[in-house]
Amino acid sequence: MIELEGVPELIDPVMVAAFEGWNDAGDAASAAVAHLDREWKGEVFAALDAEDYYDFQVNRPTVWMDGGVRKITWPTTRLSVVRIGGEKPRDLVLVRGIEPSMRWRSFCNELLGFAHELGVEMVVILGALLGDTPHTRPVPVSGVTSDPDLARTMDLEETRYEGPTGIVGILQEACTHAGVPAVSLWAAVPHYVSQPPNPKATLALLNRLEDLLGLRIPLGELPEDARAWQVGVDQLAAEDSEVAEYVQTLEEARDTAELPEASGEAIAREFERYLRRREPGQGPGQGVATEGGDASYLRDAPSERTRPPKPQQPGPEAVPGTEPEPPADQDGESGQSGEGSEED
């Protein structure tokens, strides 16, 4: 049994998790949790033992200087807690780490042990995949669950995915077997501009999380940074006629597919979000949530933008209820397989 000391009794806690690696195209998901942790000044109360789950030749520790003293930071997964004030305060348990290299079942069981001890009512796992979506349109975010009741009450898709999976899929399935309601939110990142960061996708995940939990999330400079990101990609695409033509093709396909769905539901969600942001006593945050922003707080941006690669023949369109093909690493090679290298 996990015994937690120094953690107060939590109010209606929800666990929000994201993991760097295979399920984190453009660093969008891990950047979203990092944003929550920073804006609400999360306090780390636990870290998983890195020796149990990580291959240090894959995820190497880093050395840094602290007042002339060399220290080592080990790759791991950390848990922090934040309290959201207002008339009805509640707590979030934030889980941010790296997809483990081994013993995935034990990894999930340890996280669920924390969830049980803290009285977590629901687990929300954030992910990002590469998709055939234009950067000029709103980022598609699909919500999937294995719980039919949750799918019905929260307007989610029941997952029907079959194929290789990552830690997001494994953790959601572990929650299902443990009887813990779980939801996965997936943002689709344009495959032709997959280099991190992708603040527009990060913001889309935060907006969807707001809608799911009925929260008001402070966005800081994220919307402005996301607009700057889109302007930068626009400029790069304009420099290459093939890329510009391909983006136009994606825009036409997207607009045609979504034209019948220009219903009042999406407008109503945006209006509800606007009203939440106008309500007093909901904590920090200003302005209406819009898609945009920059995740420079998570990763230093390069001094010069990288020219997006010419798009290859696109693969299957990402659809709600599916999980991603392995996103390409920054060196262009396919990411790590979604299966752990060891199992209990």
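Structure's up top.
Residues numbered from 1 in each chain as written. Predicted model: local features only at pLDDT ≥ 70, side-chain atom pairs only at ≥ 80, totals over all residues. Heavy atoms only, no water.

Draft legend 1. Up close: the overall build of the protein chain. Check the secondary structure of the protein chain and you find 9 helices and 10 strands. Each of the 344 residues in the protein chain was classed as buried or not, and the buried ones make up 46%. Put simply, 82% of the contacts in the protein chain that link residues at least 6 apart link residues at least 24 apart. Roughly 17,300 Å² of accessible area belongs to the protein chain as shown, and the carbon and sulfur atoms make up 48% of that amount. (Helix = DSSP H or I, 4+ residues; strand = E, 2+ residues; numbered from the N terminus. Buried < 20%, exposed > 50% of the residue type's maximum accessible area, 1.4 Å probe, protein only. Contact = heavy atoms within 4.5 Å. Areas by Shrake-Rupley, 256 points an atom, 1.4 Å probe, with all protein chains shown as cover.)

Draft legend 2. Structural context of the packing of aromatic side chains. Applying the stated criterion across every chain yields a total of 5 aromatic pairs. Ring geometry for F45 against F114: centres 6.3 Å apart, planes inclined by 70°, an arrangement best described as edge-to-face. Taken together, the residues F45 in strand β2 (residues 43-47) and F114 in helix α3 (residues 104-118) connect sequence positions 69 residues apart. F114 gets classed as buried once you look at its relative accessible area, which sits at 6%. Relative to W74, the ring of F56 lies with its centre 4.9 Å away and its plane at 50°, an arrangement referred to as tilted. Residue F56 is found in the loop between α2 (50-53) and β3 (62-66), and its partner W74 is found in the loop between β4 (69-73) and β5 (78-84); the two are separated by 18 residues along the sequence. Take W74: its relative accessible area is 38%, and that puts it in the partly exposed class. (Phe/Tyr/Trp six-rings, centres within 6.5 Å; stacked < 30°, edge-to-face > 60°.)

Draft legend 3. Layout of the environment of R78. Considering the arrangement of structural elements, one finds R78 in strand β5. Distance from R78 to L48, taken between C-alpha atoms, is 6.5 Å for residues 30 residues apart in sequence. Beyond its immediate sequence surroundings of up to four residues, R78 is in contact with V44, A46, A47, T73, L94, V95 and R96.

Draft legend 4. Quick look at unusual backbone geometry. For the bond running from P196 to P197, omega is 0°, close enough to zero to count as cis. By secondary structure assignment, the location of P197 is in the loop between β10 (182-190) and α6 (199-213). One non-glycine residue, D12, lies in the positive phi region at around 40°. Structurally, D12 is set in the segment before β1 (14-20). We note that K41 has phi near 50°; this positive angle belongs to a residue other than glycine. Mapped onto the secondary structure, K41 falls in the loop between α1 (28-39) and β2.

Draft legend 5. Examining the pattern of salt bridges more closely. As enumerated under the stated definition, the model contains 7 salt bridges in all. The residue R152 makes a salt bridge to D149 at a minimum N-O spacing of 2.7 Å. On the criterion of helical spacing, the pair formed by R152 and D149 is a turn pair, its members being 3 residues apart in helix α4 (residues 148-153). Taking the relative accessible area as the measure of exposure, R152 reaches 60% and is therefore exposed. If you follow the salt bridges from partner to partner, you end up with R137, E251 and D255 in one network. (Salt bridge = Lys/Arg side-chain N within 4 Å of Asp/Glu carboxyl O.)

Draft legend 6. Main features of the packing of α6 against helix α7 (residues 222-238). Interhelical geometry of α6 versus α7 gives an angle of 140° and a closest axis separation of 8 Å. With respect to each other, α6 and α7 are oriented oblique. The handedness of the crossing between α6 and α7 comes out as left-handed. Of α7, the residues touching α6 (which contributes P199, K200, T202, L203 and L206) are L222, P223, D225, A226, W229 and Q230. Split by residue class, the contact of α6 with α7 holds 7 nonpolar, 2 polar and 2 charged. (Axes fitted to C-alpha atoms, helices over the stretch in contact; angles between N-to-C directions. Parallel < 35°, antiparallel > 145°, perpendicular 65-115°, else oblique. Left-handed = near helix turned anticlockwise from the far one by under 90°. Nonpolar A, V, L, I, M, F, W, Y, C, P; charged D, E, K, R; others polar.)

Draft legend 7. Structural context of the packing of α1 against α6. One way to put it is that α1 packs onto α6 with a least axis distance of 8 Å and a crossing angle of 60°. Classified by the interaxial angle, the pair formed by α1 and α6 is oblique. Remark: the crossing between α1 and α6 carries right-handed chirality. Residues A28, A29, A31, A32, H35 and L36 of α1 pack against A201, T202, L205, L206 and L209 of α6. Grouping the constituent residues of the contact of α1 with α6 by class yields 9 nonpolar, 2 polar and no charged.

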